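# Chain and residue survey
If you want the building blocks of each chain, they are given just below.
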Amino acid sequence: MTTTAAPLDVTALRADFPILSRTVRDGKRLVYLDSGATSQRPTQVLDAEKAFLQTANAAVHRGAHQLAEEATDAYEGARQRIADFVGADFGELVFTKNATEGFNLVAYAMGNAATSGPEAARFVVNPGDEIVVTEMEHHANLVPWQQLAHRTGAVLKWFKVTPDGRLDLSDIDSVITPRTRVVAFTHQSNVLGTINPVDVLVAAAQRVGALTVLDACQSVPHGPVDFHALGVDFASFSGHKMLGPSGIGVLYGRRELLEALPPFITGGSMIELVRMEGSTFAPPPQRFEAGSPMTSQAVGLGAAVDYLSVVGMERIHAHEHALTVAALEGLGAIPGVRLIGPQDAVDRGGAVPFEIEGIHPHDAGQVLDSLGIAVRVGHHCAWPLHRCLNAQASVRATFYLYNTLDEVDALVDGVREAQKFFGVA
Amino acid sequence: MQLQQMYQEIILDHYKNPHGRGLRSPYDAESFQVNPTCGDEVTLRVHVVDDVVQDVSYDGQGCSISQASTSVLTDLVVGKPVGEAFKKLDAFVELMQGRGQVEPDEDVLEDGIAFAGVAKYPARVKCALLGWMAFKDAVVRSQGAA
């Protein structure tokens, strides 16, 4: 993706993020390179949450008083703006606790399909059916499918990852077969930054009538995403990785599918009619939002997409691309540093994982932390991926709209510092 | 500087030249422990004769803190009665969970007192305890098997 738009004015933009001006570890300037884990929130998001709570707080979709009306409007208004942001229709977005819940919702609802009405038949998973994932998945889009396979007797299959961190689709026709019921895969690897060819996977799944479930946690925050254009059946992403609050995620489902999908969590708010003998359920999205939902979080996420839209997703993507190129160059030039995953910035988002010869990632992270640089260390909830790339763990820097080239330099200097400290330079 | 407080020379020495490393026989029980947040792992064997720890052998992958603390463990417990080894274990756990507020007893913990600085970093406490938890588990297993 390229853009001709003016580059970001990062200095001005950083002023919206109060946390970025704090110091850590004895007065070190904070260099926050862990947005892939959670992003920081601008005052616009914090203010929107506060304003909602100070003026319109009430339980939504119940009560007829004025506050209830205003709160419901704020909640549903946020849904509309988020839908516009990701190329979906209003009724196609379900608010969840987080992205993980979104994947579980689909997996459990599919597990419930066998005991639901005929309209749910398309979701039934039978013994011997196949569920396809990839070796690149975050545990959130892997474990729920392992569990669904376990509960139904289905077989779990997966795409391997090539040594340079791309999906190996060379055997796509033997992995996705007429027995495949679901293909669950990530849009952008949370570890490697690899952007996967959604079109190829969707086409293969559609040829055999399988459903597609996309992990969009690392794509929606960082570039333009249009679910209708991508053609996926379901997608899940989280609020806190896109300048929004924690405690809210979003599940996208194509309208006709959500209408036929049985519920996962049941209780209040998701019903149509309740009798002692049994109940019927509300249409989507309410069918999937049992209990009192999060409200200020939805409002905050609405404010986050407003903020991102004003800045412009093309520009954010281009900015992060420039930071990624600089990090790959800077880190790649240090003897003893092994970049994990794609060695270039083609089809790759702003995540740069690496190992330093002779220094465990935990120890490297500790030295970086002592310099004020916050990175993620460990396996980043993608243990199988690390195994197949022969890394026990890694150091991962991730970038967002508020990061600067200066901070990339600080990271590169910090890695050299770690080498000096542990005597491996 | 904080970093030096954490990475004492003793820790770095044990990391670079670990004591007792490698899996050996005979042994009575083995324990495999993993730190799920980072994937660090240790496999540790104990050989106990007449209630005395005769040997502790181990292998694993991990950061300097987890490797060094397991190395220190072998120095502290090999040749000791199980009861005394467990007292040291309790003292080490207390030190590590003390958020830097516990004054370690050098007579009990010897090189182990070098980990006092690690206790100020909650995220690293699990690293320091990995080998020790494996030791505790292995000894309990060995007693169950006896």
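Residues numbered from 1 in each chain as written. Chains lettered and ligands numbered in written order. Predicted model: local features only at pLDDT ≥ 70, side-chain atom pairs only at ≥ 80, totals over all residues.

### A few points about the packing of helix H2 (residues 43-55) of chain A against helix H10 (residues 296-311) of chain A
Residue and element names in this part refer to chain A. Interhelical geometry of H2 versus H10 gives an angle of 145° and a closest axis separation of 8 Å. Seen along the crossing, H2 lies across H10 with a hand that is right-handed. Contacts from Gln44, Val45, Ala48, Glu49, Phe52 and Leu53 of H2 reach H10 at Ser296, Val299, Gly300, Ala303, Ala304 and Tyr307. The class makeup of the residues in the contact of H2 with H10 is eight nonpolar, three polar and one charged. (Axes fitted to C-alpha atoms, helices over the stretch in contact; angles between N-to-C directions. Helix = DSSP H or I, 4+ residues; strand = E, 2+ residues; numbered from the N terminus. Left-handed = near helix turned anticlockwise from the far one by under 90°. Contact = placed C-beta atoms within 7 Å. Nonpolar A, V, L, I, M, F, W, Y, C, P; charged D, E, K, R; others polar.)

### As for the packing of helix H2 (residues 9-16) of chain B against helix H3 (residues 64-77) of chain B
All names here are of chain B. Between H2 and H3, the shortest axis-to-axis distance is 8 Å and the interhelical angle comes to 85°. Taken as axis vectors, H2 and H3 run roughly perpendicular relative to one another. Together, Ile11, Leu12, His14 and Tyr15 of H2 and Ser64, Ile65, Gln67, Ala68, Ser71 and Val72 of H3 make up the contact between the two elements. Here the contact of H2 with H3 is built from residues that sort into six nonpolar, four polar and no charged. (Parallel < 35°, antiparallel > 145°, perpendicular 65-115°, else oblique.)

### Thoughts on the UniProt feature "domain: NIF system FeS cluster assembly NifU N-terminal" (unreviewed entry) in chain B
Mapped onto this numbering, the UniProt entry gives "domain: NIF system FeS cluster assembly NifU N-terminal" (unreviewed entry) at residues 6-127 of chain B. Between the end C-alpha atoms of residues 6-127 of chain B the distance is 13 Å, and the span holds 39% helix and 22% strand. (UniProt positions renumbered as here; feature names shortened; annotations may be inferred.)

### Some remarks on the interface of chain A and chain B
Contacts between the two partners involve 16 residues from chain A, matched on the other side by eleven residues from chain B. Elements that contribute at least two residues to the side of chain A that touches chain B include exactly helix H12 (361-370), strand S16 (376-378) and helix H13 (383-388) of chain A. Broken down by element, the side of chain A that touches chain B gets its largest block of residues, five residues, from H12 of chain A. Taken together, the residues that form the side of chain A that touches chain B break down as five nonpolar, eight polar and three charged.

### Focus: the pairing of strand S4 (residues 93-96) of chain A
Residues and elements named next belong to chain A. Side-chain alternation along S4 places Leu93 and Phe95 on one buried face and Val94 and Thr96 on a second face that is also buried. Relative to strand S10 (residues 249-253), S4 runs antiparallel, the two sharing four bridges. Residue pairing for S10: Phe95 is matched across the bridge by Val250. (Buried ≥ 20, exposed ≤ 12 C-beta atoms within 10 Å, placed from the backbone. Pairing = 2+ DSSP bridges.)

### Observations concerning unusual backbone geometry
Looking along the chain, the bond that leaves Pro284 of chain A and enters Pro285 of chain A is cis, with omega of 0°. When you line up the elements, Pro285 of chain A lands in the loop between strand S12 (278-281) and H10. Of the consecutive residues Ser25 of chain B and Pro26 of chain B, the connecting peptide bond is found in the cis state with omega at 0°. Topologically, Pro26 of chain B is positioned in the loop between H2 and strand S1 (29-35). Positioned with a positive phi, Asp26 of chain A is a non-glycine residue whose angle comes to about 65°.

### Some words on H2 of chain A
Residue and element names in this part refer to chain A. Here H2 is 13 residues long and its end C-alpha atoms lie 18 Å apart, about the 18 Å a rise of 1.5 Å per residue gives. Listed as buried for H2 are Val45, Ala48, Glu49 and Phe52. In a view along the axis of H2, the buried residues occupy a sector of 95°, so they form one face of it. Pointing more than 90 degrees away from the buried face of H2 are the exposed residues Asp47, Gln54 and Thr55. Buried residues in H2 make contact with helix H3 (66-85) and H10. (Expected span 1.5 Å × (residues − 1). Arc of directions from axis to C-beta.)

### With respect to the sheet that holds strand S6 (residues 155-159) of chain A
Residue and element names in this part refer to chain A. In space, the seven strands of this open sheet follow the order S4-S10-S9-S8-S7-S5-S6, with mixed pairing throughout. The sheet terminates laterally at S4 and S6, the two strands that pair on one side only. Ignoring which end each strand starts from, the neighbouring axes of this sheet average 20° apart. When strand S9 (residues 234-238) meets S10, the two strands line up antiparallel, connected through five bridges. The residue of S10 that forms the bridge with Phe234 is Gly253.

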